[in-house]
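Structural overview
Here's the letter readout for the chains.
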Amino acid sequence: MKMTETPLVPLATLIGRELRIAKIEKPSIKYGQAGLAKKGEDYFLIKPDCQRILGNPSSSFSVFAIFDGHNGISAAIYTKEKLLSHVMSAIPQGIGREEWLQALPRALVAGFVKTDIEFQRKGKYSQLCFAMFIAGETSGTTATLVVIDGLTVTVACVGDSRCILDAQGGVVSLLTVDHRLEENVEERERVTASGGEVGRLNVYGSTEVGPLRCWPGGLCLSRSIGDMDVGEYIVPVPHVKQVKLSSAGGRLIIASDGIWDALSSEMAAKACQGLPAELAAKLVVKEALRSRGLKDDTTCLVVDIIPPKHIVLPPTPGKKQNMFSSFMFGKKSQNSINKSTNKLSSVGVVEELFEEGSAILTERLGKDFPWKTNSGRCAVCQVDQPPGEDLSVNSGSPFSPSRKPLEGPFLCTNCRIKRDAMEGKRST
Ligand SMILES: [Zn+2]
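Computed from a predicted model, the values in this text were never measured in an experiment.

Another point: the sheet that holds strand β1 (residues 28-36). Spatially, the five strands line up as an open sheet ordered β1-β14-β13-β7-β8, and their pairing is antiparallel. Looking at strand neighbours, the two that pair on one side only are β1 and β8 (171-174), the edges of this open sheet. Averaged over all neighbouring strand pairs, the angle between strand axes comes to 15°, with direction disregarded. Taken together, the nine bridges between β1 and strand β14 (residues 298-306) define a ladder with antiparallel strand orientation.

Structural data, given as structure tokens:
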């Protein structure tokens, strides 16, 4: 049994590398937050000073997240408290920055699923960790978690709290996918295929109202954390996208659906263009309220990724808006040069490193796990498996002749039960 494929790098070498990388490309992060509560079920997380190697400031990265709860606040609070540490514990120790970034998408999947399993377990057995956990807990939450390391942005989401990117150069793109039954055909088909019933609320026996929901439970989302009263096909497996910004940096707007039900991505970006992050967040909220009123919890985070040592160019006369962005991002406004090559230039601005949205846990954890966890540690919850129960994620029955225990990461019994339930193989 091979324990590891790559030799460990000495810490001094690792820190040396990190310092060189930090010197070359570490941009600074400026952020702002604003929001207005209607139901008080939106939560957010701002951690601008995390470290990959504890005690080494040059290995720093930032995390921003939004959790939009429903049917109560327990799931949103629990996810805010636990999600990040569950993701981080799924990344192998002692690896360099590049490997860390490569490991992140898979760790995000593991962390989201672990958070859901633990929340449901706590709810089920009504443990007294949180006083609010009572039997019959039915709350759930969206989760959009953004990890920024240098110019690399990794976004994981379940639900409909979007994250958009306004890359300098005026290209606005969506980094998340809405897991809403109303709008997402693929998700609707997946839920139906797994035994869920999708339809609208029926009043007086005939009139259908509101968005498409999943029954039983009546949830409009197809993915979430929590939601013990709905079927297991409402999964916590996140859509993950990883991009690398150009050296010009960019702006992220992360917000709950209170914003996105009122504003398109372009409208939100435009509402705050060129303004400092703190003011920008306030303006996005204000713009959403102006067009729709306070119908829902409305929370907005604006995060600017600003390249280091940029040259501040003198403002172009007569272009007020570009003056601001030139100041913030040290970038000359692009105007007449790329008139007909809009598409090409937009590809050049942001490099797409990774994107995967499958709801199938087996696919997301992958066969080709680069650091084979043959030690028997569960790839989802990081719990050591008792000897004799070494089931891999790819094996079917433990007695199947085609079983290949060395391929793919291990799942403990609990996580295996969860996987099977999510994939419609068994109900819990
Ligand atoms: Zn496990």
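Text resumes after the structure shown.
This part takes up the pairing of strand β3 (residues 60-70). In terms of residue burial, β3 counts as a mostly covered element, since nine of its eleven residues are buried. Pairing between strand β2 (residues 42-51) and β3: eight bridges, direction antiparallel. Across the sheet, the residue bridging to Phe44 is Ile66, located in β3. Relative to strand β5 (residues 143-149), β3 runs antiparallel, the two being bridged by five bridges. The residue of β5 that forms the bridge with Phe64 is Val146. Of the pairings in the sheet, the one linking β3 to strand β4 (residues 140-141) comprises two bridges and is antiparallel in character. Bridge pairing in β4 places Gly69 opposite Thr141.

Once that is clear, we can look at helix α7 (residues 277-292). Turn by turn, an α-helix covers 3.6 residues, leaving residues three or four places apart pointing in a common direction. Along its 16 residues, α7 runs 23 Å from first to last C-alpha, staying within 8% of the 22 Å computed at 1.5 Å per residue. Restricting attention to buried positions, one finds in α7 the residues Ala277, Ala280, Ala281, Val284, Val285 and Ala288. Buried residues of α7 fall within an arc of 135° about the axis and therefore sit on the same side.

The rules behind the values
- Residues numbered from 1 in each chain as written.
- Predicted model: local features only at pLDDT ≥ 70, side-chain atom pairs only at ≥ 80, totals over all residues.
- Pairing = 2+ DSSP bridges.
- Helix = DSSP H or I, 4+ residues; strand = E, 2+ residues; numbered from the N terminus.
- Axes fitted to C-alpha atoms, helices over the stretch in contact; angles between N-to-C directions.
- Buried ≥ 20, exposed ≤ 12 C-beta atoms within 10 Å, placed from the backbone.
- Expected span 1.5 Å × (residues − 1).
- Arc of directions from axis to C-beta.

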